[in-house]
Structures are given as C-alpha cells and as structure tokens.
Amino acid sequence: MLWQTILSGLAVGSLYALSAIGLVLIFKTSNIVNFAQGQMAMLSTFVAFQMLTRWGFPYWLAALASLVFALVFGFFVYIVFLSRLKRAEVLSQIILTLGLYLVFRGVAGVLWGNVPFTMPAAVSTNTVHIGSAVVTWYQLFIMIVTLLLMLVFYAMFRYTKTGLAMRAVSQNQQAARLMGVSLTRIYGATWAVSTALGAIAGLLIAPILFLSPSFMDSVAVKAFAAAVLGGFSSLPGAVLGGLVLGVMESVFGFYISTDLKSTFVFLLIIGILYVRPQGLFGTREVKKV
Amino acid sequence: MFLEFDEVTLRFSGLVALKGVSLTVNEGGIFAIIGPNGAGKSTMLNCLSRIYTPQQGAIRFLGENLLRVAPDRIKACGIGRSFQNMELFSKMTVEDNLLVGYHCALPSNPFSEAVGWYKARSREREARERVQRVLESLGIASYSRQTAGNLPYGIQKKVDVGRALMGDPRLLLLDEPAAGLNELETEELGHWISDIKRAMKTTVVMIEHDMNLVMSISDRIAVLDFGELIAVGTPVEIRQDERVIRAYLGQEA
Amino acid sequence: MTSERNLRMARLLVVALAALAAPFVVMPLGSQMSYILDMSVIFCIVAVALNLLTGFSGQVSLGHAAFLMVGEYVSSLLTLNLNWSFWIALPLSAVVTGILGFLIGLPAVRLSGNFLAVATMGFSFAVPELALKWSGLTNGSSGLMPLRPALGSYVLGSDQAYYFLILACLVVQIIVIKNLLKSRTGRAFQAIRDSEIAAQSSGVRVGYNKALVFSISAGFTGIAGSLYAHYINFVSPNDFTVQDSFLFLAMIVVGGLASIPGSILGAIVINTINQLSSSFGQYSIILVGAVMVLAVLLFPKGLVSLRVPPHARKPRHSSRGSARVTREVESPDVP
Ligand SMILES: Nc1ncnc2c1ncn2[C@@H]1O[C@H](COP(=O)(O)OP(=O)(O)OP(=O)(O)O)[C@@H](O)[C@H]1O
Ligand SMILES: [Mg+2]
C-alpha cells in the first residue's frame with residue numbers, strides 16, 4: 001500500500017516538477033517569479049481542447065498546436081509586458097504577472113465558461129500492476145514524459161548555443177550582454193520555452209483534473225512551493241522538490257488526514273526551509289562586503 | 001592590549017583568505033592595512049565585525065575575545081565600520097542613515113516610540129543634533145534630508161564613514177575610504193581622519209590603496225599578501241621592506 | 001520651510017475633511033457604495049500593515065489572509081463564547097494575532113524573498129483548513145455570527161456609524177506606524193530592508209527586529225479581521241484565501257511600496273474596482289487584472305508617484321554623473 005501511495009505521489013509530483021522547471025527557468029535568467037505561468041498553461045491547454053473536441057483534429061496535431069501557441073504566447077508576454085519593467089522593483093514585476101494571471105483567467109472564462117470539461121488523454125487510463133501496486137498507464141506516461149523532458153533540457157542547456165547563452169545570462173547579465181548576447185532575445189526564448197513546459201504539464205494534467213479556467217491553480221501553487229523547496233535556482237532541485245512534494249502530499253493524505261493535507265505539507269516545507277533556508281539544492285549566497 | 005589578531009585563519013571552501021595572521025594594534029593612532037587586490041584585507045575587517053567567523057585563532061579587543069560576541073553587539077563594544085561598497089541604507093535619508101549608526105546609544109522601547117511619548121522625542125532630538133554635527137564635520141550637512149541612494153558617489157562614501165563614526169566608537173574601521181575620490185577629496189579626507197584621531201581619541205584602522213594617503217597619515221602599516229601578513233612597521237620601514245617591494249613589483253610585472 | 005509646512009497642513013486638512021465627509025457623500029448612491037466604502041477602509045488597515053512589513057522592512061508575506069482570519073475568529077469567539085465586550089475583543093484580537101505573527105516571523109529571520117513567500121503562504125493554506133477541521137470551536141463551514149458592537153446603548157448598526165469606527169482604527173494605526181517609522185525601531189526596520197549587513201554592524205538586532213515587524217504587521221491585520229467580522233456578521237473558513245494575500249500585495253504595489261498614502265490609495269482603488277465590477281462576472285477579473293497590469297506598467301513606483309512631495313521640488317544639488325554608473329549594475333534581491 002505504501003508503494004502504491006508513493007507511486008501515485010511520484011506521478012503527481014512529476015507534474016509539479018514540470019511546472020516548477022518552467023518557473024525556475026524564468027527566475028534563473030530574469031529574476032522574475034511568473035505567477036501567471038499556470039494560467040498560460042491553462043490557455044494553451046484550452047487551445048488543444050478546442051482543436052480536439054470542437055474542430056476534430058487528431059490528438060498529436062492539437063498537442064503540437066498547443067505547444068506552438070505556448071511558445072509564441074510566452075515570447076509575446078515577455079516582449080509586450082515584462083520587458084518594459086526591467087528596472088522596476090522585483091515586487092512590481094510579480095504583481096504584473098499576478099495581474100496577467102487574472103486577465104488570462106477572465107479571458108478563458110469568457111471564451112469557454114466555468115463549466116469543467118473532460119479532456120481526452122494521450123494514452124489509455126487503464127491500470128497495470130507493478131509488483132503489488134496498481135498504477136494507470138497514464139501515470140506511467142506522465143512520469144516518462146517528465147523524465148524525457150528533463151533529459152532534453154539538460155542536453156539543451158549543455159550543448160546548444162541558446163542554452164549556453166541562457167546559462168551565461170543567469171550567471172552575469174552584464175557580462176553576457178558585453179559578450180554580445182542579446183538579453184531581450186534570451187529572455188524571450190526563456191519565456192517561450194517555460195510556457196511550453198507549462199503547456200505540456202497542462203495537457204498532462206487536464207485529463208486527470210477536468211479542464212476549467214481554474215484547473216491549474218492548485219498545481220501552480222504547488223509548483224511554486226516545489227521550486228522553492230528545491231532552491232529556486234536549480235533545475236534538478238525543482239524536479240526533486242516537485243517529486244518530494246507530490247509524495248509528501250500523497251502519503252499525508254493517505255495515512256494521516258486529507259483534511260489537513262496542505263497544513264502538514266506546508267509545515268514540513270517550513271521545517272525543511274528552517275534547516276536549509278536556501279532550499280534543498282540552493283547555494284547559500286554570501287554577500288561580499 | 002587594545003586590539004589583537006591571534007593566529008587568525010579563515011578558509012572559503014579551499015581558498016585560504018587569511019593564513020595565521022597575528023597582529024597587534026595600539027590605542028590611538030592610525031593603522032593602515034595595505035596589500036594587492038584579493039589579499040584578504042576586507043576579510044580581516046569582516047572577521048573583526050563578525051561577518052565572517054575564522055576557523056582558527058582569536059581576535060581580542062580590550063581583552064575580550066570578539067569571536068564570542070554576537071555581530072550586532074560589535075558596535076556596542078565601541079567598534080564602528082565603513083564598507084568597501086558602502087552598504088548604505090539607500091532608500092533612507094542621509095540623516096536616517098547616521099541615526100541608524102547611533103542605534104545602540106538610543107534607549108529601546110518600541111512602545112513609547114509608537115505612542116510618541118515626550119521622553120522618546122527628546123532623546124530623538126538630541127540624536128539628530130549629534131548627526132548634524134558629524135555631517136558638518138564631513139561637509140555634507142546640506143544633504144541631510146536627501147535620499148542616500150540618489151547622491152553622488154563621493155557623498156555616499158562620506159555618509160558611510162559618518163555612519164560608522166556615530167556613537168563615538170573607540171575603534172573606527174574604514175575599508176578603502178578614498179576609493180573613487182579625486183585628489184582634492186582624498187586630501188580632505190586625510191585631514192578629516194587625522195582630525196578624528198586627534199579630537200575624538202579614536203583609533204583608526206584603515207584599508208587603503210592610495211599610497212600617498214597611507215604614507216602621509218598612518219602611524220603604522222601592515223602589509224598583507226595572499227592572506228599572509230608579510231610586514232608591519234612605520235611608513236618609513238615599510239617603504240624599504242624587501243618583501244613588500246617584491247609583492248608590489250611582482251604584481252605590476 | 002514654512003511654506004512646505006503650510007502645504008502639508010493644507011493637504012492633511014483636505015484629506016481629513018474628505019475622510020469625514022465620505023460616508024455622507026456616498027450615502028445617496030445606495031447601500032452598495034456604503035458597503036464598498038467601509039470595506040475599502042478595512043482593507044486600508046490591512047494594506048498599511050502589509051506595507052510596514054513589505055515596503056518598509058523588505059519582507060514579503062503571503063500570510064496576511066490568514067492573519068485576517070485569525071483576527072476574525074479570535075474576536076468572534078471572545079464575544080460569542082465568552083460574552084466579552086467587543087471593545088476588549090478588538091484589542092485582544094490584535095494581541096493574539098500579533099503573538100502568532102511573532103511566531104510566524106521566527107522562521108522569517110532565516111528566510112527571505114521567495115522562500116519567505118512560500119513559508120508564509122503555507123500559513124494562508126493552513127488556517128482555513130484548521131478552521132474547518134476544528135469545528136467544535138469554529139462551527140466549521142456553518143460559521144460564526146458575531147454582532148455589531150455597541151457604544152453604551154447605541155449599536156453601530158448603520159454603515160455610516162461603523163465607518164467611523166473603522167476610520168478611527170485606521171487613524172490610530174497610521175499615527176502609531178508613523179511614530180514608529182520616525183524612531184529607532186522603525187529606522188531599524190528600514191535599515192534591515194536596505195542592507196542587513198550594515199544594519200547588523202550598526203548594532204541592529206536583525207532577527208529580533210524582523211520578528212517584531214512581523215508581529216506588529218500581523219497585529220494590525222488582526223484588528224482589520226475583527227472589524228470585518230463584526231461588520232459582515234458572519235465568519236467562515238472561506239473568508240480569506242491565498243488569493244486575497246496576493247490581492248493585498250497588489251494593493252501596496254499598485255499604490256506605492258513604503259508609502260502610507262500609497263497603501264491607502266492602492267487599497268481603495270483595488271477594492272473599489274473589485275467590488276464594483278463583481279456583477280460583470282468574468283469581465284470583473286479581467287478588469288482587476290488589467291488595472292494591476294496597467295498601474296504597474298504606467299506607474300512602476302505606484303500611484304503615489306503621481307503626487308509630487310513638497311521637498312522634491314527644490315533644485316537638486318549638482319551631481320557627478322560618471323560616478324553613478326556602478327550603482328546601476330546592482331541586481332535586485334528582494335524577493
Ligand atoms: N564570501 C566569500 N566567499 C568566498 N570567497 C571570498 C568571500 N569573501 C572574500 N573571498 C575571497 O577571499 C579573498 C580575499 O578577499 P578580500 O575581499 O578580503 O580582498 P581584499 O584584500 O579586500 O581585496 P580588494 O583590494 O580587492 O578589496 C579573495 O580571493 C576573495 O575572492
Ligand atoms: Mg577589499
């Protein structure tokens with residue numbers, strides 16, 4: 001039974017991890033926490049839903065369209081809104097993304113209403129037995145996709161020129177700019193990629209949770225917590241944070257109480273942060289004076 | 001013994017920033033610490049003000065081991081400091097910056113402050129007068145109501161020094177006070193530091209790269225290179241020291 | 001100097017008159033407007049409290065929704081279960097919330113920025129869950145029904161009468177916070193925001209002051225919670241959620257960080273738009289969101305930056321441009 005709980009925790013945790021990577025990616029390069037990330041994922045998922053169920057396109061095409069939409073959408077959100085606020089207080093940037101969160105939520109409500117829809121899944125939701133545990137194919141699928149995406153990301157950061165530029169920008173913006181890296185392009189690319197990541201998370205979650213303008217809310221909050229748990233500046237940290245959070249929730253919910261699930265989870269997070277204020281994978285920055 | 005570094009060693013994961021530094025500073029006078037970039041000069045001051053904790057050794061001030069003192073008690077022990085990059089309270093006014101420097105000397109009672117009782121107010125007025133005197137001595141009294149972060153670099157530098165001087169410290173630590181100042185300003189600063197020493201009987205420990213300033217006002221000089229103390233002596237002795245010349249020439253070559 | 005003072009007095013007078021006249025001005029516009037006005041002033045208290053913590057002291061909190069609820073429950077339980085007078089319950093709700101704030105502030109001593117935001121956010125999740133679970137005390141989702149307070153035999157039943165109670169609390173709060181900010185403790189808060197290291201080297205006890213400002217901020221928010229409970233006359237676990245914590249942050253950023261007039265402006269603008277548009281369904285959140293986006297884009301320093309402070313009109317002292325370049329590279333570290 002414990003296995004079962006952990007396994008389903010890992011499946012949910014993978015989703016938190018995916019969204020958390022998107023958050024961390026943006027934060028690492030541009031120092032902004034994008035609270036609209038969940039809503040951008042939600043809109044991208046609705047694009048797929050629209051094509052799939054209303055216009056009858058095949059799943060792969062709908063998913064692809066959703067990803068392309070997410071890439072363009074993320075890029076434009078950065079160029080149109082965030083790039084204008086470069087010199088402002090970080091808190092102003094956060095409030096800007098919160099405002100966008102509300103706008104996107106409202107737009108989705110106007111276009112699709114607040115009645116939840118059933119979103120078709122990419123693979124079957126039948127169950128399989130692994131040892132004594134029962135999981136669905138879909139849960140396995142989620143974990144595998146997450147794993148693959150993480151590998152792709154790792155490779156991209158390591159081996160592509162854009163990846164190198166992103167790393168350079170996250171270490172030292174001024175120096176990177178002097179070396180001829182266009183900050184606007186790199187930030188735009190980062191926003192595009194992390195929105196696409198969010199869209200993938202959205203596509204994977206929607207079949208489990210029902211699709212509605214608010215369906216990403218709880219995931220977005222958990223992704224934020226997961227990113228923080230991992231250190232907020234480390235991609236492996238974000239993944240680990242997501243998985244730990246997913247398993248904790250699942251185990252607490254099953255063995256202790258579902259009513260106080262969030263309470264326990266956050267108590268544990270506070271506990272972890274008390275011991276390691278920089279998160280699990282974060283490095284403690286000592287300010288030189 | 002006024003101030004004593006006793007075999008102080010500090011490592012930053014691999015990098016040894018201070019290698020068994022032993023040093024004594026007598027009361028009264030200006031003590032300069034010089035050395036090439038990255039020699040560990042600021043690190044010495046940071047150990048003194050308890051921002052870093054050395055792995056080995058002891059730092060004694062008036063007989064008390066400072067390593068057992070909490071960082072926020074250092075000022076109350078009579079040690080004020082300025083910072084290489086100033087660390088001003090940049091959104092506060094110049095006056096408020098100096099008032100924070102006077103924090104320890106003001107009585108603490110958030111309740112009477114919140115209610116605005118007369119006693120709290122009169123202490124406050126007295127503190128503001130002190131601030132004004134320090135600002136005047138630095139020649140920046142006209143900036144007192146302005147936001148510190150918006151001021152020119154040279155003024156900010158002076159604000160930092162002024163903040164360190166609030167509360168009449170017995171030991172004043174200055175980390176590169178003349179950096180970024182022009183020749184005239186540097187000369188003024190030199191006079192100011194000498195005045196402080198004379199008028200207030202404050203001992204000054206100063207890190208400085210400007211050799212003219214160092215040689216003209218210091219009573220004693222310590223030279224640091226790669227975390228090691230390579231020489232201590234009067235300006236005349238230091239000027240002739242073989243190792244010092246080599247350390248500096250080696251850097252230039 | 002004297003003209004600056006006169007200007008300030010004149011401005012204060014105008015604001016005071018406007019505040020006193022407000023309930024009678026909006027009265028003919030219907031009960032909804034009176035309701036919005038009262039709620040706005042309650043949120044002004046929250047915004048001023050949050051700005052003390054975030055704007056003046058540099059600590060982010062997503063836990064203020066929870067502090068509001070704690071204030072609500074403490075005051076309701078004291079008046080309903082113990083039959084205590086509202087006039088005792090009101091300050092006590094500040095005390096209890098303040099103590100709780102101090103405890104929440106303790107981990108804050110070690111955390112900052114996003115890490116602090118998440119730790120406090122947890123609190124906003126926990127309190128509603130606990131209120132629901134602990135139904136023996138809180139009556140669960142059926143809620144509690146605290147009453148309007150009375151002055152002697154005169155019950156503050158009308159929105160206008162209650163308005164003056166809230167306004168009095170706000171005025172007291174502003175006086176207290178202004179006094180604090182002008183004194184040793186308040187300067188320590190601001191010093192910590194600008195440079196923890198320099199504050200510490202100046203003798204400021206960073207940990208204690210961080211917890212203290214958390215406690216003060218929470219205490220005032222508790223008062224707002226109590227006022228809200230006795231105004232609405234209904235308290236339930238769903239009253240305030242994390243979303244509200246975000247909205248409070250939006251209020252102070254839109255109005256102006258580290259500014260008391262800014263907090264008030266932000267609270268009134270955001271709350272009024274929020275309530276007025278609530279009948280438009282989906283379009284309401286679009287509107288609120290758009291206001292936040294536009295306000296931040298057009299006035300990154302908040303709506304107060306529209307107002308020119310008297311002493312800023314003086315000609316600036318000469319400055320040497322070249323020396324400033326180094327400061328621009330500085331990367332933002334809150335939060
Ligand atoms: N917090 C820290 N973490 C890691 N290394 C550090 C830290 N602070 C200082 N160092 C290293 O310790 C060495 C000494 O630094 P320090 O700042 O004391 O030099 P300095 O003599 O003051 O030089 P400068 O003249 O440039 O100010 C340097 O190599 C520096 O990189
Ligand atoms: Mg240095």
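All residue numbers refer to position in the chain's written sequence, counted from 1. Each chain takes a letter, starting from A, and each ligand takes a number, starting from 1, following the order in which they are written. Totals for whole chains, interfaces and linings use every residue, but because this is a predicted model, local features are given only for residues with pLDDT of at least 70 and side-chain atom pairs only at 80 or more, for both listing and counting. Side-chain numbers come from the whole structure's heavy atoms, not from hydrogens or water.

### Quick word on the overall build of chain B
Step number 1: Going along the chain from the N terminus, every DSSP run of H or I of four or more residues is numbered as a helix, and every run of E of two or more is numbered as a strand. Looking only at helices and strands, one finds nine helices and ten strands in chain B.
Step number 2: C-alpha extents for chain B along the principal axes are approximately 60 × 40 × 35 Å.
Step number 3: Exposure classes here rest on a 1.4 Å probe applied to the protein chains alone. A residue is buried below 20% of its type maximum, exposed above 50%, and partly exposed in between. Here chain B holds 253 residues, and 56% of them are scored as buried.
Step number 4: Put simply, of all contacts in chain B between residues at least 6 apart along the chain, 67% involve residues at least 24 apart.
Step number 5: Here the accessible surface of atoms and residues is derived via Shrake-Rupley with a 1.4 Å probe, and residues count as covered only by protein chains that are part of the display. Taken as a whole, chain B presents about 11000 Å² of accessible surface, with 49% of it coming from carbon and sulfur.
Step number 6: By the counting scheme adopted, Arg and Lys are positive, Glu and Asp are negative, and His together with the chain ends is not counted. Here the site of a charge means NZ on Lys, CZ on Arg, CG on Asp, or CD on Glu. A gap of 6 Å separates the mean positions of the 29 positive and 32 negative side-chain charges of chain B. The contact rule is simple, with two residues in contact once any of their heavy atoms fall within 4.5 Å.

### Here's the deal with the overall build of chain C
Step number 1: Within chain C, the regular secondary structure consists of 14 helices and two strands.
Step number 2: Taken over C-alpha atoms, the radius of gyration is set against a globule rule of 2.2 Å times the number of residues to the power 0.38. The C-alpha radius of gyration computed for chain C amounts to 21 Å, which stays within 12% of the reference 20 Å derived for 335 residues, consistent with globular compactness.
Step number 3: Its C-alpha atoms give chain C principal-axis dimensions of about 65 × 45 × 40 Å.
Step number 4: Contacts in chain C between residues at least 24 apart in sequence constitute 78% of all its contacts with a sequence separation of at least 6.
Step number 5: Total accessible area on chain C is roughly 13900 Å²; 68% of this is exposed by carbon and sulfur atoms.

### A few points about the packing of aromatic side chains
Step number 1: Only Phe, Tyr and Trp rings take part, Trp by its six-membered ring, and two of them pair if their centres are within 6.5 Å. Stacked means planes under 30 degrees apart, edge-to-face means over 60, and tilted covers everything else. For the coordinates displayed, the defined rule picks out 28 aromatic pairs over all chains.
Step number 2: Arranged with centres 5.8 Å apart and planes meeting at 75°, the rings of Phe-224 of chain A and Phe-232 of chain A form a pair that is edge-to-face. Neither residue differs from the other here; Phe-224 of chain A and Phe-232 of chain A are each classed as buried.
Step number 3: Ring geometry for Phe-86 of chain C against Trp-87 of chain C: centres 5.0 Å apart, planes inclined by 80°, an arrangement best described as edge-to-face.
Step number 4: Since its relative accessible area comes to 5%, Phe-86 of chain C is described here as buried.
Step number 5: Aromatic ring contacts, followed pair by pair, group Phe-27, Phe-35, Phe-224 and Phe-232 of chain A together with Phe-246 of chain C into a single cluster.

### Some remarks on the domain arrangement of chain B
Residues and elements named next belong to chain B.
Step number 1: Domain boundaries shown here were taken from an automatic or database domain assignment. Its domain assignment divides chain B into domain 1 (1–78 + 170–252) and domain 2 (88–168).
Step number 2: Between the C-alpha centres of domain 1 and domain 2 there is a distance of 26 Å.
Step number 3: Residue-level contacts link 15 residues of domain 1 with 14 residues of domain 2.
Step number 4: Using a 1.4 Å probe, buried area is obtained as the accessible area two parts lose upon being combined, added over both of them. For the pair domain 1 and domain 2, the two sides together bury roughly 1200 Å², of which 70% comes from carbon and sulfur.
Step number 5: Salt bridges, as used here, are contacts in which a Lys or Arg side-chain nitrogen is within 4 Å of a carboxyl oxygen on Asp or Glu. Joining domain 1 to domain 2, the criterion identifies one salt bridge.

### Observations regarding the sheet that holds strand β7 (residues 171–175) of chain B
Residues and elements named next belong to chain B.
Step number 1: Taken together, six strands build an open sheet; the order of strands is β6-β7-β8-β3-β9-β10 and the sheet is mixed. Each of the sheet's edge strands pairs with one partner strand only, and the pair in question is β6 (79–81) and β10 (228–233). Averaged over neighbouring strand pairs, the angle between their axes works out to 15° when direction is ignored.
Step number 2: Strands pair, by our definition, only if DSSP identifies at least two bridges between them. In the sheet, β7 pairs with strand β8 (residues 203–207) via five bridges, with the strands oriented parallel. Of the residues in β8, the one forming a bridge with Leu-174 is Met-206.
Step number 3: The strands touched by helix α5 (residues 153–165) are β6 and β7; relative to β7, the strand with the most contacts, the crossing angle is about 160°.
Step number 4: What counts as an axis is a line fitted to C-alpha atoms, over the stretch in contact for a helix, and the angles between N-to-C directions run from 0 to 180 degrees. Its contacts with the sheet put helix α6 (residues 183–200) on β3 (30–34), β7 and β8, and the angle it makes with β3 is roughly 135°.

### Remarks on a nonpolar patch on the surface
Residues and elements named next belong to chain A.
Step number 1: Like charges are joined within 9 Å and nonpolar side chains (Val, Leu, Ile, Met, Phe, Trp, Tyr) within 5 Å, but only among residues with over 30% relative accessible area and no salt bridge; these make up the patches. Side chains of Trp-60, Leu-64, Val-68, Leu-71, Val-72, Phe-75, Phe-76 and Val-80 sit close together on the surface and give an oily, nonpolar patch of about 730 Å² of accessible area.
Step number 2: Here Val-80 is to be found in helix α3 (residues 59–80).
Step number 3: Judged by its relative accessible area of 34%, Val-80 falls in the partly exposed class.

### Quick notes on the interface of chain A and chain C
Many descriptions give the size of an interface as the accessible area lost when the pieces come together.
Step number 1: Contacts between the two partners involve 54 residues from chain A, matched on the other side by 42 residues from chain C.
Step number 2: Regarding the contact of chain A and chain C, the summed buried area is about 4200 Å², with carbon and sulfur atoms giving 76% of it.
Step number 3: On the chain A side of the interface with chain C, the three residues burying the most area are Leu-91, Ile-95 and Leu-102 of chain A, jointly 14% of the side's total.
Step number 4: Taken together, chain A and chain C are joined by one salt bridge.

### Remarks on the UniProt feature "transmembrane region" (unreviewed entry) in chain C
Residues and elements named next belong to chain C.
Step number 1: Mapped onto this numbering, the UniProt entry gives "transmembrane region" (unreviewed entry) at residues 12–29, 35–53, 84–106, 161–181, 211–234, 246–268 and 280–299.
Step number 2: From the first C-alpha to the last, residues 35–53 spans 28 Å; its make-up is 100% helix and 0% strand.
Step number 3: A helix fraction of 91% and a strand fraction of 0% characterise residues 84–106, whose end C-alpha atoms lie 31 Å from each other. UniProt positions are given in the numbering used here, feature names are shortened, and annotations may be inferred rather than shown by experiment.

### Quick word on the sheet that holds strand β2 (residues 15–25) of chain B
Residue and element names in this part refer to chain B.
Step number 1: Spatially, four strands are ordered β2-β1-β4-β5 in an open sheet, and the strand pairing comes out antiparallel. Single-partner strands in this sheet number two, and they are β2 and β5 (64–65).
Step number 2: Inspection of the sheet shows strand β1 (residues 3–12) paired to β2 by seven bridges, in the antiparallel sense. Within β2, the residue paired with Glu-4 across the bridge is Thr-24.

### Some remarks on the pattern of salt bridges
Step number 1: Applying the stated criterion across every chain, the model contains 19 salt bridges over all chains.
Step number 2: Measuring nitrogen to oxygen at the nearest pair gives 3.0 Å for the salt bridge that ties Arg-128 of chain B to Glu-124 of chain B. Residue Arg-128 of chain B and its partner Glu-124 of chain B are both found in helix α4 (residues 118–138); the two are separated by four residues, about one turn of the helix.
Step number 3: Relative accessible area serves as the criterion here: at 25%, Arg-128 of chain B is assigned to the partly exposed category.
Step number 4: Judged by relative accessible area, which is 11%, Glu-124 of chain B ranks as buried.
Step number 5: The closest approach of N and O atoms between Arg-130 of chain B and Asp-168 of chain B, which form a salt bridge, is 3.4 Å. With Arg-130 of chain B in helix α4 and Asp-168 of chain B in the loop between α5 and β7, the pair connects residues that are 38 residues apart, well separated along the chain.
Step number 6: According to the relative accessible area criterion, Arg-130 of chain B is partly exposed, its value standing at 27%.
Step number 7: By relative accessible area, Asp-168 of chain B is classed as partly exposed at 43%.
Step number 8: Beyond isolated ion pairs, a larger network of salt bridges with shared partners links Glu-95, Glu-124 and Arg-128 of chain B together with Arg-187 of chain C.

### Notes on the side chain of Lys-158 of chain B
Step number 1: Along the chain, Lys-158 of chain B falls in helix α5.
Step number 2: Lys-158 of chain B gets classed as buried once you look at its relative accessible area, which sits at 16%.

### Some words on the site of ligand 1
Step number 1: Here a residue is considered near a molecule or strand provided that any single heavy atom belonging to it is located within 4 Å of it. The environment of ligand 1 is formed by 16 residues, the closest being Gly-38, Lys-41, Ser-42, Thr-43 and Gln-84 of chain B.
Step number 2: Around ligand 1, the nearby residues trace back to chains A and B.
Step number 3: Pairs of N or O atoms are called polar contacts if they sit within 3.5 Å, as long as, within protein, a hydrogen donor faces a hydrogen acceptor (for residues adjacent in sequence, only side-chain-to-side-chain pairs). Taking Ser-42 of chain B, its side chain carries an N or O atom lying 2.7 Å from an oxygen atom of ligand 1.
Step number 4: Here Tyr-52 of chain B contributes a side-chain N or O atom positioned 3.0 Å from a nitrogen atom of ligand 1.
Step number 5: Coverage of ligand 1 by the protein chains reaches 76% of its 630 Å² of free accessible surface.
Step number 6: Listing elements by their share of the shell around ligand 1, those giving two or more residues are β2 and α1 (41–48) of chain B.
Step number 7: Note on residue classes: Ala, Val, Leu, Ile, Met, Phe, Trp, Tyr, Cys and Pro are nonpolar, Asp, Glu, Lys and Arg are charged, and everything else, Gly too, is polar. For the shell around ligand 1, the per-class residue count stands at six nonpolar, seven polar and three charged.

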